[in-house]
Amino acid sequence: KRVFTAPCEHGLLVFNIGPAPDFAPYAYDVYEDAYGYADNGGLCPIYPSWTATQKATFPMWERDDPTEQRIELGEIEQKISTRVVTHDGSKQFVKQGGDFVIIRKGNFYNPSYYRQLQEHVRSFPPKLN
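So, here's what we can say about the structure.

Definitions and cut-offs
Residues numbered from 1 in each chain as written. Predicted model: local features only at pLDDT ≥ 70, side-chain atom pairs only at ≥ 80, totals over all residues. Heavy atoms only, no water. Helix = DSSP H or I, 4+ residues; strand = E, 2+ residues; numbered from the N terminus. Contact = heavy atoms within 4.5 Å. Areas by Shrake-Rupley, 256 points an atom, 1.4 Å probe, with all protein chains shown as cover. Lys, Arg positive; Asp, Glu negative; His and termini not counted. Charge placed at Lys NZ, Arg CZ, Asp CG, Glu CD. Salt bridge = Lys/Arg side-chain N within 4 Å of Asp/Glu carboxyl O. Buried < 20%, exposed > 50% of the residue type's maximum accessible area, 1.4 Å probe, protein only. Disulfide = S-S within 2.5 Å.

### So, the overall build of the chain
- Looking only at helices and strands, the chain features one helix and six strands.
- Listed N to C, the secondary structure of the chain is β-β-β-β-β-β-α in terms of helices and strands.
- Partitioning the intrachain contacts of the chain with sequence separation of at least 6 by distance along the chain shows that 69% fall at a separation of at least 24.
- Carbon and sulfur atoms make up 51% of the accessible area of the chain, which totals about 7,800 Å².
- Positive and negative side-chain charges in the chain, numbering 14 and 16 respectively, have mean positions lying 2 Å apart.

Written out as structure tokens, the structure is:
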């Protein structure tokens, strides 16, 4: 499992970047996105943060991944593990990617944001740094 602590009135988005399907004209796609937001019932001065737990039936870390990280707030995704989600029919030449997190002020995640994230990820060249 993973445990995240986010400031009050901030959204937290976790997602995986992995190889796109063979038929796709792009190399990478977004998988396993999960989002949470809390304003702590308007009691941010008393409860300045909230905690989210991500559970899975599979290992969420690779052997060399750090198990504790400080996540900066903002618009840019930050890599938290090198685990790559692959599906049957995924591009074979693309083996890079990983789990990422964005923690940003406000309740930001909606279908429009998802489309923008997907377009951003799909614009990555076949070798992701």
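### With respect to the pattern of salt bridges
- In this structure the tally under the stated criterion is six salt bridges.
- Salt-bridge contacts for E9 lead to K105; the nearest nitrogen and oxygen are separated by 3.3 Å. Remark: K105 occurs in strand 6 (residues 98–105) and E9 occurs in the loop between strand 1 (2–7) and strand 2 (10–19); sequence separation between them is 96 residues.
- A salt bridge links R83 to D99, with the nearest nitrogen and oxygen atoms 3.0 Å apart. Of this pair, R83 sits in the loop between strand 5 (78–81) and strand 6 while D99 sits in strand 6, placing them 16 residues apart in sequence. Of the two residues, R83 and D99, both sit in the buried class.
- Through salt bridges with shared partners, one network takes in R2, E32, R83 and D99.

### Observations concerning the state of the cysteines
- Taken as a whole, this structure holds one disulfide when the rule is applied.
- The partner cysteine of C8 in its disulfide is C44, sulfur to sulfur 1.8 Å. Here the S-S torsion is close to -60 degrees, and the disulfide linking C8 with C44 is therefore left-handed. Note that C8 is positioned in the loop between strand 1 and strand 2 and C44 in the loop between strand 3 (28–38) and strand 4 (49–54), a separation of 36 residues in sequence. Both residues of the pair, C8 and C44, belong to the buried class.

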